[in-house]
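Listed here are the chains, written in short residue letters.
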Amino acid sequence: MTKKMQFIWIDDRSERATESSNLQERLNVKCQFKDVKGKDLNVVLGEILSSQEPDLILIDHKLENIKSGIFRTGSTAAATIRERWPECPIVCITGVDMNEVDSQQRSLYEEMYSISKISRYDNSLISIANSFKALRKKRPQTVEQMFKMFKAPKEDKERLKAVFPKELKENFSNNTIGREIFHWTKTTFINRPGFLYDRLWAATLLGIKQDSFSKVEAIFSEAKYDGIFSDDSNERWWKSKLLEILAENISEHNLPWEKGRKLQGLSKSDFSKCYATKADFPETVAFVDETKAAKRVQIKLNETIPHPNFEDLLFFDEIRMMKPAE
Amino acid sequence: MRIATTNKKKDDVSPVFGRPLTGAKGIGRFSCRRLGRHLTLITCGTQERQSVGRQKLIQKTEVKFPWTAFKPGTDVTDIICEGDQSEVKNGLTGTTLIINSIAEEWTTMGYSWLQRQLAVLAANRGTRRKGYAEDPGFNIKLTTPDFKGRVKDLRLELMNSGWGTLEAHLNEKGHAICTLNAKGLGKKNITSGIRFPALKNIKLEVAVMVDSSDEMRNKRVLSMGTLRKLLPEWGGVQVRYRGFRVYPYGDDDWLEIDYDRGLRKGNPKGELFTFAQSLKGVDASRSLLNLLSMRNYVGNVEIGQDSPGFEMKANREGFLSSPAVEQLKSFVRFAIDWSTILRDSYIRQQTAQDSVIAKNEFEEVIGENVESSRVVDAAVNYLESEIKTISRSLPRTERKKVEQSFIKATDAIRKYNASNQSELSHLRLIASTSTLLLIFSHEVKSLLGLLEQSKNSLTLVASSLTGGNRKKVEGITDSFVSLKDRLEELLGLTSLVGIDHRKAKPEQVALRDKIVTVEKAFELITNKYQIQIDYENVPNNIVVKKILEAELLSILLNVLSNSIKSVIAAGTNRKIQISAARDKGMNVIIIKDTGLGLDESQFEEVFTPFIADPEGKLYRNLEKRLNPEDKVIVGSGSGLGLGIVKEIVIAHEGTVRFVKPKRNWSSELEIKLP
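What counts, and at which threshold
- Residues numbered from 1 in each chain as written.
- Chains lettered and ligands numbered in written order.
- Predicted model: local features only at pLDDT ≥ 70, side-chain atom pairs only at ≥ 80, totals over all residues.
- Heavy atoms only, no water.
- Helix = DSSP H or I, 4+ residues; strand = E, 2+ residues; numbered from the N terminus.
- Buried < 20%, exposed > 50% of the residue type's maximum accessible area, 1.4 Å probe, protein only.
- Contact = heavy atoms within 4.5 Å.
- Areas by Shrake-Rupley, 256 points an atom, 1.4 Å probe, with all protein chains shown as cover.
- Polar contact = N/O pair within 3.5 Å; in protein donor to acceptor, adjacent residues only side chain to side chain.
- Pairing = 2+ DSSP bridges.
- Axes fitted to C-alpha atoms, helices over the stretch in contact; angles between N-to-C directions.
- Left-handed = near helix turned anticlockwise from the far one by under 90°.
- Nonpolar A, V, L, I, M, F, W, Y, C, P; charged D, E, K, R; others polar.
- Phe/Tyr/Trp six-rings, centres within 6.5 Å; stacked < 30°, edge-to-face > 60°.
- Lys NZ or Arg CZ within 6 Å of the ring centre and 35° of its normal.
- Salt bridge = Lys/Arg side-chain N within 4 Å of Asp/Glu carboxyl O.
- Patch = residues over 30% accessible without salt bridge, like charges linked within 9 Å, V, L, I, M, F, W, Y side chains within 5 Å.
- Lys, Arg positive; Asp, Glu negative; His and termini not counted.
- Charge placed at Lys NZ, Arg CZ, Asp CG, Glu CD.
- Buried area = accessible area lost by both parts, 1.4 Å probe.

S.K.: How do you make sense of the overall build of chain B when you look at a structure like this?
M.R.: Looking only at helices and strands, one finds 17 helices and 20 strands in chain B. Taken over 674 residues, chain B has a buried fraction of 41%. A fraction of 69% describes how many contacts in chain B between residues 6 or more apart in sequence connect residues 24 or more apart. Accessible area for chain B stands at about 37800 Å²; split by element, carbon and sulfur atoms hold 53% of it.

S.K.: How should I be thinking about the overall build of chain A in this particular structure?
M.R.: For chain A, the count of helices and strands is 13 helices and eleven strands. Residues classed as buried in chain A amount to 53% of the 326 residues present. Accessible area for chain A stands at about 15500 Å²; split by element, carbon and sulfur atoms hold 47% of it.

S.K.: Help me understand the side chain of T179 of chain B in this model?
M.R.: All names here are of chain B. By the secondary structure assignment, T179 is in strand β8 (residues 175-182). T179 gets classed as buried once you look at its relative accessible area, which sits at 17%. Engagement of the side chain of T179 in a polar contact is seen with the side chain of N189, the distance being 3.1 Å. If sequence neighbours within four positions are ignored, T179 has contacts with T165, L166, E167, K187, K188, N189 and W338.

S.K.: Would you explain the sheet that holds β8 of chain B in this entry?
M.R.: By definition, the strands of a sheet pair up through backbone hydrogen bonds, in either a parallel or an antiparallel sense. Residue and element names in this part refer to chain B. Across the sheet, which stays open at both edges, the seven strands sit in the order β9-β8-β7-β10-β13-β11-β12 with mixed pairing between neighbours. Where the open sheet ends on each side, the last strands, each with one partner, are β9 (186-195) and β12 (244-246). Strand-to-strand, the axes of this sheet are offset by a mean angle of 20°, without reference to chain direction. Sheet analysis places strand β7 (residues 164-170) next to β8, joined by seven bridges and oriented antiparallel. Bridging from a neighbouring strand, H169 pairs with I177 of β8.

S.K.: Got a minute to help me understand the environment of A276 of chain A in this structure?
M.R.: Mapped onto the elements of the fold, A276 of chain A is located in the loop between α13 (256-260) and β8 (284-287). Take A276 of chain A: its relative accessible area is 13%, and that puts it in the buried class. When the C-alpha positions of A276 of chain A and P324 of chain A are compared, they lie 9.1 Å apart, and in sequence the two are 48 residues distant. Non-local contacts of A276 of chain A, meaning those with residues more than four positions away in its chain, are made with I299, E303 and M322 of chain A together with N541 of chain B.

S.K.: Would you mind going over helix α12 (residues 511-521) of chain B with me for this structure?
M.R.: Given 3.6 residues per turn, any residue in an α-helix points the same way as the ones three and four places further on. Inspection of α12 of chain B places L511, R512, D513, K514, I515 and V518 of chain B among the buried residues, and these make up the whole buried set. Of the surrounding secondary structure, the elements contacted by the buried residues of α12 of chain B are β14 (507-510), α14 (549-570), β17 (575-583) and β18 (586-593) of chain B.

S.K.: I tried to follow the packing of α14 of chain B against helix α17 (residues 641-651) of chain B on my own but got confused; where do I start?
M.R.: All names here are of chain B. Closest axis-to-axis distance for the α14/α17 pair is 9 Å, and the angle between their directions is 145°. The handedness of the crossing between α14 and α17 comes out as left-handed. On α17, the residues that touch E551, S554, I555, N558, V559 and N562 of α14 are G641, L642, I644, V645, I648 and V649. Class assignment for the residues of the contact of α14 with α17 results in seven nonpolar, four polar and one charged.

S.K.: It is not clear to me how the pairing of strand β10 (residues 202-208) of chain B should be interpreted in this structure. Could you clarify?
M.R.: Within a regular strand, the side chains alternate between the two sheet faces. All names here are of chain B. Of all the seven residues making up β10, five are buried; the element is thus mostly covered by neighbouring parts of the structure. Taken together, the six bridges between β7 and β10 define a ladder with antiparallel strand orientation. When the sheet's bridge partners are listed, L166 is paired in β10 with V206. By the bridge criterion, seven bridges tie β10 to strand β13 (residues 297-303) in an arrangement that is antiparallel. Bridged to I202 within β13 is I303.

S.K.: What should I look at first to understand the packing of aromatic side chains in this one?
M.R.: Centre-to-centre distance and the angle between the planes together describe a pair of aromatic rings. Scanning the entire structure with this criterion turns up 32 aromatic pairs over all chains. Taking the centre distance of 6.0 Å and the plane angle of 35° together, the rings of F603 of chain B and F658 of chain B count as tilted. With F603 of chain B in the loop between β18 and α15 (618-625) and F658 of chain B in strand β19 (residues 655-659), this residue pair connects regions lying 55 residues apart in the sequence. Overall, F603 of chain B belongs to the buried group, its relative accessible area being 15%. The exposure class assigned to F658 of chain B is buried, which follows from its relative accessible area of 14%. Joined through ring pairs, the aromatic side chains of F147, F150, F164, F172, W184, F189, F195, Y225, W238 and F316 of chain A make up one cluster. The ring of F315 of chain A carries R159 of chain A above its face, with NZ or CZ at 5.5 Å from the centroid.

S.K.: I would appreciate a short explanation of the pattern of salt bridges in the present structure.
M.R.: Side chains that differ in sign of charge can pair as their charged atoms come close. This model, assessed by the stated rule, comprises 50 salt bridges over all chains. For D260 of chain B, the salt bridge identified is with K265 of chain B, shortest N-O distance 3.5 Å. Accessibility expressed as a relative area gives 42% for K265 of chain B, which makes it partly exposed. Residues participating in the shared-partner salt-bridge network are R199, E217, K224 and E235 of chain A.

S.K.: I'm lost on a positive patch on the surface in this one. Help?
M.R.: All names here are of chain A. Positive charge collects at one region of the surface, where K138, K148, K154 and K157 lie side by side. Counting through the fold element by element, K154 comes out in helix α7 (residues 154-163). Classification of K154 as exposed rests on a relative accessible area of 74%.

S.K.: Got a minute to help me understand the interface of chain B and chain A in this structure?
M.R.: Often, the extent of an interface is quoted as the loss of accessible area upon association of its parts. At the junction of the two partners, chain B supplies 30 residues and chain A supplies 33 residues. Across the chain B to chain A interface the summed buried area is about 2600 Å²; carbon plus sulfur atoms make up 47%. On the chain B side of the contact with chain A, Q508, N540 and N541 of chain B bury the most area, a combined 23% of that side's loss. Summed over the shared surface of chain B and chain A, the number is three salt bridges. The partner of R120 of chain A in a salt bridge is D485 of chain B, with the nearest N and O atoms 3.2 Å apart. Run the count over chain B and chain A and you get 15 residue pairs in polar contact (both at pLDDT 80 or more). Elements with a minimum of two residues in the side of chain B that touches chain A: α10 (396-463), α11 (467-497), β14, α12 and β16 (543-547) of chain B. For the side of chain B that touches chain A, the per-class residue count stands at seven nonpolar, ten polar and 13 charged.

S.K.: Would you mind showing me how to read the pairing of strand β11 (residues 236-241) of chain B here?
M.R.: All names here are of chain B. With six of its six residues buried, β11 lies for the most part within the structure. Of the strand pairs in this sheet, β11 and β13 are connected by six bridges, and their pairing is parallel. Opposite Y241, over in β13, you have I303 as the bridge partner. As defined by bridge partners, β11 adjoins β12 across three bridges and the pair is classed as antiparallel. Note on β12: the bridge partner recorded for R240 is R245. Hairpin geometry of β11 and β12 is characterised by an intervening segment of two residues between the two adjacent antiparallel strands and by a positive phi of about 50° at R242.

Written as structure tokens, this is what we have:
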């Protein structure tokens, strides 16, 4: 029988103990709730750090109800935990507006999630815990070993080698490498379209609407990303594999968004249209504007401009923004 | 020696450099007499008279003028002035005047006057005039042992006499290091985050000259008159390359300063925006609006001997385009823009200080302390009493006229001030309400966490049940999810209220998306009262450039709130239509509704603060048609909504107005935004 994963939840709101046990049941993990209300967090941390390292720590950000001491936020506590367990993933679960937390404090957590949406992150929590565990169990020593963990297709390896950060390549023996690999994998490799595409990008590549991708998803199951830090609530597909499978299914020599529409099960109502002009065959995905919560849409490339808040990265798709009407 | 000469009438510019000649009266040489009892004039020239500088053979003429011999009644031609002529090999051309036995003591005032006159010459750092040799400019050094004793470089004094002196150079990593010494600010430094890797051995020295005597550090060297003469001809940032001036930089707008002023570019980019945000009282998005004309920046950027990347054009008119040239421009603009932001901060501080000084001086006059909020009233009262006293000495009819005019003027001041104070206190109230709103939303957000928890607990319970009971419990959890999502959407809007305006950046904001957001905010009321909001004719790619998201939402919230109230008050056929299109570089947004409408005579008045209901019919009808509990949603009408819309739109160089509505519509509002 596989041993259950061990989580620790540190919080100064006693009522969250219920959610901790909900989590335990939903995720089939062992979740120990550490109520620090009115307690000296230093003492509680001391107790935690003297026990076995867990697979994941969840911690509240604002710790206002603890006994006064040097810890007032979860990020300060996270920094202390890291001194002892440098590669233990720490996720912040909070009720504060995440925009109020400065970037330096955010960097001390692997992720920050809102308590009011915690059930949406079940898969992500499992993914983080499992992936860090895998990294600890079999630490990669070379780039090739790292790519094995990504389960990268052969055709992507050379390009991946070129973009994989030099600081990571040269420091595999570093005891914080796990966090740095997670950070790069999450923010660049997974979240930037290029090697991996999300549902919207994959649909755009195939010339169909995002909702219609589910009609053909099964054909592309081989392309689904299931390497390290893969997350079922944040699915990705290898772009190279999508194209390969498309070519296997549709032998015509056309652009991918023309070929994609010929897949079985699709009709005209599934075809994508440019968000700006309603023209056919939108080739790319772009943000509608510069605001933080701007939505992304399928759009013709010539109706877009480079997004000012994103820099270009080699071998990754350019992040673009809808061009204002003239 | 001729008393007067027609020379300057024939040729009003100098023969070699084409410099404009001054002193057309023909008595300049005699004015030397006023300065001292003896004048020795030494002039060195060539036969040809066109050559300047070091020459193989110079003719030197030395003449002594004993002014004491020039007694009244004496014939000028009878006075002997000893002279000597000689040839000098390998000498320099030029003229020297030696004035001995000073007639009277130089006063500080006289010395300051001299410096100001010479400053105009010192500003000449070199130029080219068509048909003449290149004018090398003037270097003027003053040695005045009786006045602080040191040798004074007048150009340096000139540079330090304006509002500020700006210097910049690059460190080894290519970051710009800028220093500003300015009035009211002292010395300020900045090291840029941005690098200029194509530049090496570059130095910038610029005097920031503001044409206002209040913004001069040293009026002895520089007067307003001097400045006004100096700037049109000598203003501009010149480029010197390996010691030589490179034309036409400094004569033209190579830094695009006047170009940007013309476009009213107020918003600095990147790290300078962040820097502007850090300054108290500065509106970062408008901090470059005080950028001066290119002529107000007087100085040079020196490109040193070993600076790579600069190649002169074949015709010697500037450099060939290269990354170094582009970065040079960016480097100089970085320094100038940074100094402009600091000057904006200085201006704001000065305004605040000036008001405090004015208040203190006024308090001294009236002999009592006055609260800040009552300064205008107290000043007007004081003026009234003084006018009454003065007018007593006037004839009766005159007195009445003066008093009546004065009463009208002070009445206007009092009423306008009272209206401003009222608006200000109302806005303060709204601002403090927003704090309450933020506290409220924070508390509600934490309750959402408990809601999520309850939903998750119920989901687990449902999973252990079967059949109908399971379905029931799953139904309850679904309602929890919908309720939670709706609350989160609404709370999302309130977070925009709490935006720190200093951190928020104007950006491109898509209109249609924001209409969707605002429509959702009013969903309860529009569903309840069956109000249709149609925005089919708002294209997806209508984007407002450079506006805060919260500002665009504020415009839409206020405008839609008005329309919703109006259609409810009107009764049946509750329709609101929003359309948008591009026209002559502007986004034209039209909001039409089938509400009560507005008389044409009220089209302007309705934007006045506190005029919520100019015709008095909106709220009367709303009372009849609105459920009491819904009053909270549509509001009781502060009368500020449209005024706020107008302020925001105008601040973004747009327009807003009511127009005669098209057929089948009661009201039509037109907003234009860039």
